[in-house]
Amino acid sequence: MLKLEKRPQPSQMWIYLTPLIAVLATMLAGSVLFAFLGKDPAVAIRTIFWDPLFSEFAFYYRPQLLVKGAPLVLIAIGLSLGFRAGIWNIGAEGQYIIGALTGAGVGLAFYPMEAWFVFPLMVIAGALGGWAWAMIPGLLKVKFGTNEILVSLMLVYVAEQLLASMSLGLMKNPEGMGFPGSRNLQHYESAHNAELFTGTGMHWGVVAAFLAVITAYVLLNRHVLGYHIRLTGQAPRAARFAGVIPARMILFCLGTAGALAGLAGMFEVAGPAGQVSIDFNVGYGFTAIIVAFLGRLHPIGILLAGALMALTYIGGEIAQSQLGLPAAAIQLFQGMLLFFLLAIDVMTNYRLAWQRREVA
Amino acid sequence: MDFGSISPVLLLASLMVAATPLLLAATGELVVERSGVLNLGVEGMMITGAICGFATAVNTGSPLLGMAAAAGGGAALSLLFALLTQFALANQVASGLSLTLFGLGLSALMGQGYQGIKPPPFPEINIPLLSDLPFVGGILFSQDLMVYLGLLICGAIWVMLKYTRAGLVLRAVGENHDAAHALGYNVVMIRIAAIMFGGACAGLGGAYISLIRVPQWTEGMTAGIGWIALALVVFASWKPGRVLLGAYLFGGVTVIQLNLQAAGVAIPVEYLAMSPYLITILVLVIMSADRSRAPGSLGRPFHASS
């Protein structure tokens with residue numbers, strides 16, 4: 001009989017192999033799915049994974065890779081710190097929304113003044129907004145032991161309602177002819193998170209994402225705080241003996257994740273999205289969970305996983321317009337990726353072994 | 001503002017309707033958690049059940065077949081979770097999350113072309129004699145079948161956990177899986193059965209929303225009810241009786257909130273719509289003081305190493 005046998009050490013080979021196999025398995029399962037939907041699987045896979053990068057219109061899609069990847073990477077880096085320490089913040093979508101609201105709020109408050117300090121203030125406000133929103137589950141967990149998973153998720157729905165309220169009320173464009181949504185920050189130079197080099201898709205959010213990757217890498221590999229985060233996740237008891245204060249760890253991980261998600265929201269609302277509107281959030285906060293796991297909670301891995309996930313977003317849009325592939329198919333495709341990843345991950349810690357049935 | 005337009009009789013009737021999906025999903029999750037497994041995929045299983053039930057009911061014209069399909073769909077999806085956590089020994093939190101993300105995508109895909117359709121009406125049941133009682137009769141005793149089925153399932157689970165051998169075994173597996181294994185119980189199989197029961201219940205709860213409560217299909221229509229059901233299990237300290245109480249309490253909050261919206265209270269609609277989620281958080285905070293009742297093996301992976 002085939003049995004699982006625990007490995008004495010996690011397999012280094014499988015740690016790197018798992019995401020690759022998961023992506024391949026998802027492509028295979030995705031092909032079956034696309035065939036079911038009456039599309040040629042080979043064409044669909046090529047449209048999603050190849051065309052955005054190498055087709056004749058790739059010059060248009062490549063910048064999108066940075067635009068879509070930046071918020072994913074930024075949020076996922078924050079989430080990965082918590083996930084490593086066993087702190088499950090799954091409400092990044094809410095922190096993203098609140099960061100966008102506080103960031104845009106500061107920008108709109110200064111309108112129409114043109115000054116150099118408006119944008120930096122918006123960045124600070126966005127980070128603070130996301131941080132504060134993540135502090136709610138953090139403080140509740142520290143003070144009362146409340147489950148952070150449920151609280152952070154409930155706050156996503158609260159944030160969505162707040163977003164609707166803001167775009168219909170307080171932040172509504174007074175010159176918007178009664179349409180919902182705020183003033184377009186793209187038309188307000190001091191607040192606009194514009195492309196740094198025209199046509200590259202490079203904006204301040206992309207810079208922040210790269211900085212976050214580097215900082216997280218240094219933190220996890222070269223700093224005692226990163227060591228404590230890893231220790232807390234792998235051996236909570238040992239961590240306590242080593243002098244790690246669990247409450248401080250919880251607040252740090254949730255706060256950092258919240259601030260980064262808030263930043264992502266702020267860069268998005270001031271740049272690619274342009275305005276606060278009811279349908280501003282598109283699920284980056286949830287997709288970032290997949291990115292964090294696909295990247296094995298490692299900063300460099302997250303960078304690669306974020307790029308791949310951004311690719312599926314862009315390729316999905318192309319497949320939607322060219323092949324008529326439903327948007328939901330891409331959502332399902334991304335969900336499958338996490339499934340396969342978790343399933344194949346068993347090989348990191350266990351190996352298959354033939355075992356004869358023995359009489360007890 | 002017009003509070004006079006809120007009728008207490010209708011309020012009670014709609015409270016029972018609003019509470020039923022929560023009751024079904026939370027009872028299912030209660031069984032799963034009592035077996036020591038934390039399945040965070042309730043939302044995904046509910047929405048999958050909602051579309052499975054809706055599509056089947058529309059295509060066959062039978063709402064009862066729809067309900068059966070919803071239970072089947074929810075259970076099938078939960079089987080994926082069971083495979084991940086029981087055989088591949090994956091992290092339960094991550095697996096549950098992936099189940100929700102997957103279920104949301106799957107339901108959106110399956111629901112293409114079902115938007116804006118009205119499902120066949122669900123037959124109401126008039127319990128003879130009782131439903132003729134003045135005032136309360138019409139409310140309590142002539143609801144649809146699922147309201148009673150929800151109550152029945154919840155009651156049956158209470159009896160099973162408290163008075164039967166099967167319930168004792170389930171609790172043993174949840175409290176200490178190593179001890180249960182040593183006693184010769186098949187921990188993995190018992191847990192898979194519990195997970196599938198939870199999936200079927202969540203599916204029923206989802207279909208109740210799409211077939212009876214709303215009734216139509218829109219993407220993401222469960223809107224966090226699955227997550228509230230998870231919170232409800234914590235609120236109930238893993239006890240079926242308190243799940244019932246909690247479900248009716250939350251049903252009441254939802255209904256009052258909707259009625260206040262309709263009555264045109266000075267509070268903006270968005271802030272009223274937040275209230276169920278905020279109250280869930282509040283309740284979680286109050287209940288988290290007492291964590292002694294959680295099943296001992298909750299969320300811990302089991303691997304027989306013999």
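In this text, all values refer to a predicted model and were calculated from it rather than measured experimentally.

Conventions adopted
- Residues numbered from 1 in each chain as written.
- Chains lettered and ligands numbered in written order.
- Predicted model: local features only at pLDDT ≥ 70, side-chain atom pairs only at ≥ 80, totals over all residues.
- Helix = DSSP H or I, 4+ residues; strand = E, 2+ residues; numbered from the N terminus.
- Buried ≥ 20, exposed ≤ 12 C-beta atoms within 10 Å, placed from the backbone.
- Contact = placed C-beta atoms within 7 Å.
- Axes fitted to C-alpha atoms, helices over the stretch in contact; angles between N-to-C directions.
- Parallel < 35°, antiparallel > 145°, perpendicular 65-115°, else oblique.
- Left-handed = near helix turned anticlockwise from the far one by under 90°.
- Nonpolar A, V, L, I, M, F, W, Y, C, P; charged D, E, K, R; others polar.
- Core = buried A, V, L, I, M, F, W, Y, C linked by C-beta atoms within 7 Å.
- Expected span 1.5 Å × (residues − 1).
- Pairing = 2+ DSSP bridges.
- pLDDT = per-residue confidence, 0-100.

Right, let's get into the overall build of chain A. If you tally the helices and strands in chain A, you get 15 helices and two strands. Dimensions along the principal axes, computed over C-alpha positions, put chain A at roughly 80 × 55 × 35 Å. By the burial criterion, 52% of the 360 residues in chain A qualify as buried.

Now for the overall build of chain B. If you tally the helices and strands in chain B, you get 12 helices and zero strands. Residues classed as buried in chain B amount to 51% of the 306 residues present. Of the contacts formed within chain B by residues at least 6 apart in sequence, a portion of 79% connects residues at least 24 apart.

Here we take up the environment of Asp-279 of chain A. For Asp-279 of chain A, the location among the structural elements is in the loop between α11 (246-270) and α12 (284-294). When the C-alpha positions of Asp-279 of chain A and Trp-116 of chain A are compared, they lie 30 Å apart, and in sequence the two are 163 residues distant.

Let's shift gears to the packing of helix α7 (residues 148-168) of chain A against helix α12 (residues 269-287) of chain B. When two helices pack together, their arrangement is given by the angle between the helix axes and by the axis-to-axis distance. Axis separation between α7 of chain A and α12 of chain B bottoms out at 9 Å; the angle between their running directions is 165 degrees. The orientation of α7 of chain A relative to α12 of chain B falls into the category roughly antiparallel. Of the two possible hands of crossing, α7 of chain A and α12 of chain B adopt the one that is left-handed. For the pair α7 of chain A and α12 of chain B, the contacting residues are Leu-150, Val-151, Met-154, Tyr-157, Val-158, Gln-161, Leu-162, Ala-164 and Ser-165 of chain A in the first and Glu-270, Tyr-271, Ala-273, Met-274, Tyr-277, Leu-278, Thr-280, Ile-281 and Leu-284 of chain B in the second. The residue makeup of the contact of α7 of chain A with α12 of chain B, split by class, is 14 nonpolar, three polar and one charged.

Before going further, it helps to examine the interface of chain A and chain B. Listed per partner, the contact involves 39 residues of chain A and 40 residues of chain B. Among the secondary structure elements, those contributing two or more residues to the side of chain A that touches chain B are β1 (2-6), α6 (118-144), α7, α12 and α14 (327-344) of chain A. Considering every element that reaches the side of chain A that touches chain B, the biggest residue donor is α7 of chain A, with 11 residues. Its residues assigned to classes, the side of chain A that touches chain B shows 29 nonpolar, eight polar and two charged.

In this section: the nonpolar core. Counting residues in hydrophobic clusters, the biggest one holds 218 residues, and the most contacted among them are Leu-74 and Ile-75 of chain A together with Leu-22 and Leu-232 of chain B. For Leu-232 of chain B, the contacting residues outside a window of four places in its chain are Leu-22, Ala-26, Val-243, Gly-246, Ala-247 and Phe-250 of chain B.

Attention shifts here to unusual backbone geometry. A negative phi angle characterises most non-glycine residues, just as the trans form characterises most peptide bonds. Positive phi outside glycine occurs at Arg-296 of chain A, with the angle close to 60 degrees. Within the secondary structure, Arg-296 of chain A sits in the loop between α12 and α13 (299-323). With a phi angle near 60 degrees, Trp-238 of chain B is a residue other than glycine that sits in the positive phi range. Here Trp-238 of chain B shows up in the loop between α10 (225-235) and α11 (240-263).

Below, the discussion takes up helix α5 (residues 92-110) of chain A. One full turn of an α-helix is made of 3.6 residues, so residues set three or four places apart face in the same direction. Taking 1.5 Å per residue, 19 residues should reach 27 Å; α5 of chain A reaches 27 Å between its end C-alpha atoms and fits that length. The element α5 of chain A is largely enclosed, with a buried count of 16 among its 19 residues.

Residues and elements named next belong to chain A. Counted residue by residue, strand β2 (residues 350-354) has zero buried out of five residues, so it is predominantly exposed. Pairing of β1 with β2 involves five bridges; the strand directions are antiparallel. Along β2, the bridge assignment pairs Lys-6 with Tyr-350.

This brings us to the confidence of the model for chain B. Reading fine detail from the predicted coordinates is not recommended where pLDDT is low. The predicted model of chain B has a mean per-residue pLDDT of 82, with 89% of residues at 70 or higher. We note a pTM of 0.87 for the whole complex and an ipTM of 0.84 for its interfaces.

Residue and element names in this part refer to chain A. C-beta crowding within 10 Å serves as the criterion here: with 19 such atoms nearby, Arg-296 is assigned to the partly exposed category. Each C-alpha atom, one on Arg-296 and one on Ser-80, is 8.5 Å from the other, the two residues being 216 residues apart in sequence. Beyond its immediate stretch of four places on either side in the chain, Arg-296 contacts Ile-15, Pro-19 and Gly-301.

What follows concerns the packing of α13 of chain A against α14 of chain A. All names here are of chain A. Orientation of α13 relative to α14, taken along the N-to-C sense of each, is 155 degrees, at an axis distance of 9 Å. Regarding the angle of α13 to α14, the classification is roughly antiparallel. The handedness of the crossing between α13 and α14 is right-handed. Together, Met-309, Thr-312, Gly-316 and Gln-320 of α13 and Ala-327, Ile-330, Phe-333 and Gln-334 of α14 make up the contact between the two elements. Along the lines of polarity and charge, the residues of the contact of α13 with α14 split into four nonpolar, four polar and no charged.

Compared with an ideal rise of 1.5 Å per residue, which puts 25 residues at 36 Å, helix α3 (residues 63-87) of chain B spans 35 Å between its outermost C-alpha atoms and is within 8% of the ideal. Positive backbone phi, at 50 degrees, marks Leu-89 of chain B, one or two positions downstream of α3 of chain B.

Residue and element names in this part refer to chain B. By the element assignment, Ser-62 lies in the loop between α2 (42-60) and α3. A C-alpha to C-alpha distance of 9.1 Å links Ser-62 and Pro-119, two positions 57 residues apart in sequence. In contact with Ser-62, other than residues within four places in its own chain, are Ala-57 and Pro-120.

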